[in-house]
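Residues per chain, in single letters:
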Amino acid sequence: MQIDEKVIHQLERLHAKYATMGQDMSSYLEGLIESDYLTYWDYIHLDTLLTLQNPKTSYPDEKIFIIYHQITELYFNLILHELEQIASVEISIGFFQERLHRIVQYFKNLIASFTIMIDGMDSAQFLKYRMALLPASGFQSAQYRKIEILTTSIENLVSVSKRETMAGKGFDEQFENIYWKQGATELATGKKTLTLLQFEEKYLSELYSLAKKYEGQTLWKKFKQLPDSEQQNQELIDLMKEYDTQVNVQWPLMHYKSAARYLEKKPEDIAATGGTNWQKYLPPRFQRRIFFPELWSSTELEAWGTNTK
Ligand code: HEM
């Protein structure tokens, strides 16, 4: 058999690779002969993936609810993957803009597909199976909180009622007043909902450490590290603003519509599984979470959450 020049060169490179680590190339080639061909289903772990849906009731639409949450969490994971890369590299405007564009694409899909939750499930079934899910709530999505932490400074995540008094205060005090803690705490008694207690027990120290770790490397801080002229790049500013609106207005509005579709009832709304005062807690015009306040005009800031732009 005539062995191709190219293959000989590849064998030499392979030999060099294994020799560096004190390994015998021939044994590895033997392993290659023995190993199976890769299949699609093994590569993406399809069989495992399809065992991860375990409804708590026999209502068929519960499967839609589970899978759509899983899809969202996978997208959140892709978004975090990009934010982590932006944080870890010496930034160039090209890399920053390209990765931010990917994030915006992911959110665009999440916003558009939320109709699956708004009108893609039978309301009567939803109201039944949700009772078997207490006190679980999307409120407990740690990846959602991580996206915020990797994007902006903690001071912008302080609950709106405390934002002014907490301005300029230390990291710990601001973190203690982060909006989601306030949102799931009864103001009069200071009592936390079970949903929040569970969430904090599992994730609070991880989220705190993450926020500390990324304090100087958030998307915003990375933007501010770009040369002044690049920070004035209108295309980039528009992209930053688009992301801010997607996360803090458009997605919350779509999400709110789903809560309203199933939980709004006359004369009294239905309580949420996570126990928040959801009509007051969820709407972006009340939350007023804004990642990059410096990029918006005072008129735009005032109108936050009142239109979808
Ligand atoms: C029919 C569909 C849905 C309804 C009715 C709904 C309802 C709610 C309600 C009422 C809350 C407030 C917390 C509570 O008291 O439970 C909440 C929070 C939350 N949900 Fe959903 N949800 C739905 C779908 C989803 C999906 C698909 C996700 C994707 C992961 C999600 C993620 C979240 C997040 C991240 C929060 C916290 C929001 C914040 O703190 O501002 N939800 N949801």
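Structure: above.
Residues numbered from 1 in each chain as written. Predicted model: local features only at pLDDT ≥ 70, side-chain atom pairs only at ≥ 80, totals over all residues. Heavy atoms only, no water.

Chemist: Could you clarify how one ought to interpret the site of the ligand in this entry?
Modeler: Residues in contact with the ligand amount to 29 residues; listed here are only the nearest, Ser 137, His 255, Gly 274, Thr 276 and Tyr 281. Measuring from an oxygen atom of the ligand, one finds a side-chain N or O atom of Tyr 281 at 2.5 Å. Between an oxygen atom of the ligand and a side-chain N or O atom of Gln 287, the distance comes to 3.4 Å. Among the detected pockets, the ligand sits in the largest pocket. Secondary-structure elements contributing two or more residues to the shell around the ligand are helix H5 (62-88), helix H9 (142-151), helix H16 (234-263) and helix H17 (278-281). A breakdown of the residues in the shell around the ligand according to their chemical character gives 17 nonpolar, 10 polar and two charged. (Near = heavy atom within 4 Å. Polar contact = N/O pair within 3.5 Å; in protein donor to acceptor, adjacent residues only side chain to side chain. 1 Å grid on protein atoms, 1.4 Å probe; cavity = no way out; pocket = protein on both sides within 12 Å on 5 of 7 lines; lining within 4 Å. Sits in = over half its atoms within 2 Å of the grid points. Helix = DSSP H or I, 4+ residues; strand = E, 2+ residues; numbered from the N terminus. Nonpolar A, V, L, I, M, F, W, Y, C, P; charged D, E, K, R; others polar.)

Chemist: Mind showing me how you'd approach the side chain of Thr 218 here?
Modeler: Residue placement: Thr 218 occurs in the loop between helix H13 (194-214) and helix H14 (219-225). When near neighbours in sequence (up to four residues on either side) are disregarded, Thr 218 contacts Ile 149, Leu 150, Thr 151 and Thr 152. (Contact = heavy atoms within 4.5 Å.)

Chemist: What exactly am I supposed to notice about the packing of aromatic side chains here?
Modeler: The description of an aromatic ring pair rests on the distance of the ring centres and on the angle between the ring planes. Within the structure shown, the criterion is met by 28 aromatic pairs. On the basis of an interplanar angle of 45° and a centroid distance of 5.7 Å, the ring pair of Tyr 243 and Phe 291 is categorised as tilted. Taken together, the residues Tyr 243 in helix H16 and Phe 291 in the loop between helix H18 (284-287) and helix H19 (298-302) connect sequence positions 48 residues apart. Take Tyr 243 and Phe 291: they sit in the same class, and that class is buried. In textbook terms, an aromatic cluster arises when at least three aromatic residues are bridged by ring pairs, as seen for Tyr 68, Phe 76, Phe 96, Phe 107, Phe 114, Tyr 144, Trp 220, Phe 223, Tyr 243, Trp 251, Phe 291 and Phe 292. Directly above the aromatic system of Phe 171 lies the positively charged group of Lys 212, at a separation of 4.4 Å from the ring centroid. A cation over a ring is seen here: Arg 285 above Phe 286, with NZ or CZ 4.4 Å from the ring centre. (Phe/Tyr/Trp six-rings, centres within 6.5 Å; stacked < 30°, edge-to-face > 60°. Buried < 20%, exposed > 50% of the residue type's maximum accessible area, 1.4 Å probe, protein only. Lys NZ or Arg CZ within 6 Å of the ring centre and 35° of its normal.)

Chemist: Looking at this structure, how should I read a nonpolar patch on the surface?
Modeler: Where nonpolar side chains cluster on the molecular surface, the patch consists of Met 1, Ile 3, Val 7, Ile 8 and Leu 11 and spans about 480 Å² of accessible area. Secondary-structure assignment places Met 1 in the segment before helix H1 (5-20). (Patch = residues over 30% accessible without salt bridge, like charges linked within 9 Å, V, L, I, M, F, W, Y side chains within 5 Å. Areas by Shrake-Rupley, 256 points an atom, 1.4 Å probe, with all protein chains shown as cover. Salt bridge = Lys/Arg side-chain N within 4 Å of Asp/Glu carboxyl O.)

Chemist: Just checking my understanding: could you explain the pattern of salt bridges for this structure?
Modeler: When the charged atoms of two side chains lie near each other, side chains of opposite charge can form a pair. Evaluated as defined, the whole model comprises 12 salt bridges. Taking the shortest distance from any N to any O, the salt bridge between Arg 99 and Glu 98 comes out at 3.6 Å. Residue Arg 99 is classed as buried on the basis of its relative accessible area of 11%. Of the residues examined, Glu 98 reaches a relative accessible area of 44% and is grouped as partly exposed. Of the charged contacts, one joins Arg 289 and Glu 148 as a salt bridge, the two residues approaching to 3.3 Å between their closest N and O atoms. With Arg 289 in the loop between H18 and H19 and Glu 148 in helix H9, this residue pair connects regions lying 141 residues apart in the sequence. Take Arg 289: its relative accessible area is 7%, and that puts it in the buried class. Assessed through its relative accessible area of 1%, Glu 148 is described here as buried. Each of Glu 82, Glu 98, Arg 99 and Arg 102 takes part in salt bridges that share partners, so that together they form one network.

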